[in-house]
Amino acid sequence: MPKLSITLYTIEEVISKRTGLLMRSGDSEHWQKVILERVRHLNLSSKEEYYYLLVEDSKRSRLEWRTLTGLLTTGETYFFRDKGQFALLRNWILPELIEHKKSIRSLRLWSAGCSTGEEAYSIAILLHELLPQRKDWNTLILGTDINDKAIEKAKAGIYGQWSFRMINPEIQRRYFQKRKDEWEIDARIREMVKFQVGNLKENPFPDYTSDMHDIDIILCRNVFIYFNDEAIAIILKKILATLSEKGFLITGHGELHAMKIRGLQPIIFPESVVYQKISENKVSLRGEGLNQMLQGEAEAISKSSKKAIFKDEIATPLRLAIKEKRAETKIGKTTLPSLISEIRTLLDAGDYTAVVESVKDIIKRDPNNLNACCLLAETYANLGEYDRAVPICKKAIDIDATAVKPYFLLAHIVEAKGNIDEAKSLLKKVIYLDPAFIPAYLELGAIYDNENDSERARKMRLTAIDLIGSLHPEAVIEPYRDINAEELLRYVKKMIDSREK
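Residues numbered from 1 in each chain as written. Predicted model: local features only at pLDDT ≥ 70, side-chain atom pairs only at ≥ 80, totals over all residues. Heavy atoms only, no water.

> Which residues make up the sheet that holds strand E5 (residues 182–185), and what are the values?
In spatial order, the strands read E3-E5-E4; together these three strands make up an open sheet with antiparallel pairing. Both edges of this open sheet fall to strand E3 (158–160) and strand E4 (176–179), since each of them pairs with a single strand only. Strand-to-strand twist in this sheet, taken as the mean axis angle between neighbours without regard to direction, amounts to 35°. Bridge analysis of E3 against E5 gives three bridges, and the strand direction is antiparallel. For Ile158, the partnering residue across the bridge sits in E5 and is Glu184. (Pairing = 2+ DSSP bridges. Helix = DSSP H or I, 4+ residues; strand = E, 2+ residues; numbered from the N terminus. Axes fitted to C-alpha atoms, helices over the stretch in contact; angles between N-to-C directions.)

> Pulling in residues and values, what's your account of the side chain of Arg108?
Looking at the element boundaries, Arg108 is found in strand E1 (residues 106–112). Although buried, Arg108 forms no salt bridge, and the nearest oppositely charged side chain, Asp211, lies 4.0 Å from it. At 2.6 Å, the side chain of Arg108 and the backbone oxygen of Asp211 are in polar contact. A polar side-chain atom of Arg108 sits 2.9 Å from the main-chain carbonyl oxygen of His213. Each residue touching Arg108, except ones within four places of it in the same chain, is listed here: Leu140, Asp211, Met212, His213, Asp214, Ile215, Asp216 and Ile217. (Buried < 20%, exposed > 50% of the residue type's maximum accessible area, 1.4 Å probe, protein only. Lys, Arg positive; Asp, Glu negative; His and termini not counted. Salt bridge = Lys/Arg side-chain N within 4 Å of Asp/Glu carboxyl O. Polar contact = N/O pair within 3.5 Å; in protein donor to acceptor, adjacent residues only side chain to side chain. Contact = heavy atoms within 4.5 Å.)

> Which residues make up helix H2 (residues 27–41), and what values do they have?
End to end, H2 covers 21 Å across 15 residues, agreeing with the expected 21 Å (1.5 Å per residue, within 8%). Listed in full, the buried residues belonging to H2 are Asp27, His30, Trp31, Val34, Ile35, Arg38 and Val39. Looking one or two residues past H2, Asn43 carries a phi angle of roughly 55°, positive in sign. (Expected span 1.5 Å × (residues − 1).)

> Outline the packing of aromatic side chains, supporting the account with residue identities and numerical values.
Inspection of every chain in the model, using the stated rule, returns 11 aromatic pairs. Here Trp110 and Phe205 contribute two aromatic rings whose centre-to-centre distance is 5.3 Å and whose plane-to-plane angle is 90°, an arrangement assigned as edge-to-face. Separated by 95 residues along the polypeptide, Trp110 in strand E1 and Phe205 in the loop between strand E6 (193–197) and strand E7 (215–220) bring together distant segments of the chain. The buried category is assigned to Phe205, whose relative accessible area is 5%. Their ring planes at 80° and their centres at 6.3 Å tell us that Tyr121 and Tyr159 sit as a pair that is edge-to-face. Residue Tyr121 is found in helix H6 (residues 118–130), and its partner Tyr159 is found in strand E3; the two are separated by 38 residues along the sequence. (Phe/Tyr/Trp six-rings, centres within 6.5 Å; stacked < 30°, edge-to-face > 60°.)

> Please provide a residue-by-residue account of helix H3 (residues 47–55), values included.
Among all positions of H3, only Tyr50, Tyr51, Leu53 and Leu54 are buried. In a view along the axis of H3, the buried residues occupy a sector of 160°, so they form one face of it. Of the surrounding secondary structure, the elements contacted by the buried residues of H3 are helix H1 (8–19), H2 and helix H4 (59–72). (Arc of directions from axis to C-beta.)

> Could you give me a rundown of the pattern of salt bridges, with the residues and numbers involved?
Going through the model one piece at a time under the given rule, you end up with 20 salt bridges. Measuring nitrogen to oxygen at the nearest pair gives 2.7 Å for the salt bridge that ties Asp211 to Lys194. Highlighted residues: Asp211 in the loop between E6 and E7 and Lys194 in strand E6, separated in sequence by 17 residues. By relative accessible area, Lys194 is classed as partly exposed at 35%. Across the pair Asp361 and Arg365 runs a salt bridge, and its minimum N-O distance is 3.2 Å. Residue Asp361 and its partner Arg365 are both found in helix H15 (residues 352–365); the two are separated by four residues, about one turn of the helix. Ionic contacts of the salt-bridge type, sharing partners, join the residues Glu129, Glu170, Arg173 and Arg174 into one network.

Don't take any of this as a statement about function, it's just geometry.
This is how it looks when you write it as structure tokens:
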């Protein structure tokens, strides 16, 4: 039997069919680079030989599939990524579940596509805060990822400063111990989480021989963007069977927007849309808090905001002070920059309702206030309301086409939506407008790293090192307010060294 004519496109088709991975616009170059690197790494004579390795049924082939799929789906993350969804978990979903399950004292959570573990440990920290009598409960937090190297790092629980760039420093001090230039997760949090390698499309679940069954919350965020519609349908069917009755599925914003999902009822919160497993009578869990949110009652939203994640002691008094300042500003007794600085503190505390209220008031009086527009766009982005955030970013750009802040924020939003090429283009625009804007180089470096473009990633980070080195060691580089220049410089250097080993 004559052999097929094998091209790189043929191999891409095999990968897509076997894994369900969707080759998005701009992915082909990355996929081909990974394939050719694997051919060289395995000392194969040609891409044809690699193709036949993939299609054969052998232990060697299965190991290669595991490695290959991990390379194509490597994701970069950090602790408490997506403040809105984590506020939703802490303020509503977890408290509702704890109340609902208190008679059986059992709670089971799964971070599907957990990468290097930051999401799973973030959930563990939340649960530790909300359930101080956890020893009386049977709890499970499971983290799975297709990338075995990511799982190894997750199990180690040791992270560089970059993984903490968007969280309250108090959380870092409370739950991590400094180990030279890195931070190690506290043993009491590590023991709450179980990690294992898992393939959402290939592995069977629910699996009653393991812990992958009767799950109360499944977080599967920024994972479906990698899959085609056929694979998503297969995975969703398995997820539905794995969820406990009235359990929740939380995805990335807009990931399932066009999908028909039988058995999962979308519930609209201000922070995000989540999906709840329903029986035929479609009764929601408990009902009081969830129904209030569904109706969009201002009182419920305000209640949620008052419980800003880990920062109640900041949000409530500051909100009152800002209301007074807003009144003073109207009669000229204070300045807008001072007020905007305090609203920024409120945004960091997670009191989104108060931020929106205050910023809209400023924009009414000063429609061309760039900083107010950026604050409003960032708030909506934190809530996952990207369709609201994008036009405000564009308005900010219309106000000042040379300002880098709205371009940088827009780059984060489109990256979260899976538009990587557009994110790169916007970050390059930021660098064009301000060649000394360090975060743009670091974020571009992270994207190139995820694409296995090590040469470009290294170039971006070396430029960042030069720029950081010119700053005072104690300087703070926005938006990374929880790390100074000296710490950031040390971390970026270490990142380059680790990639070159």
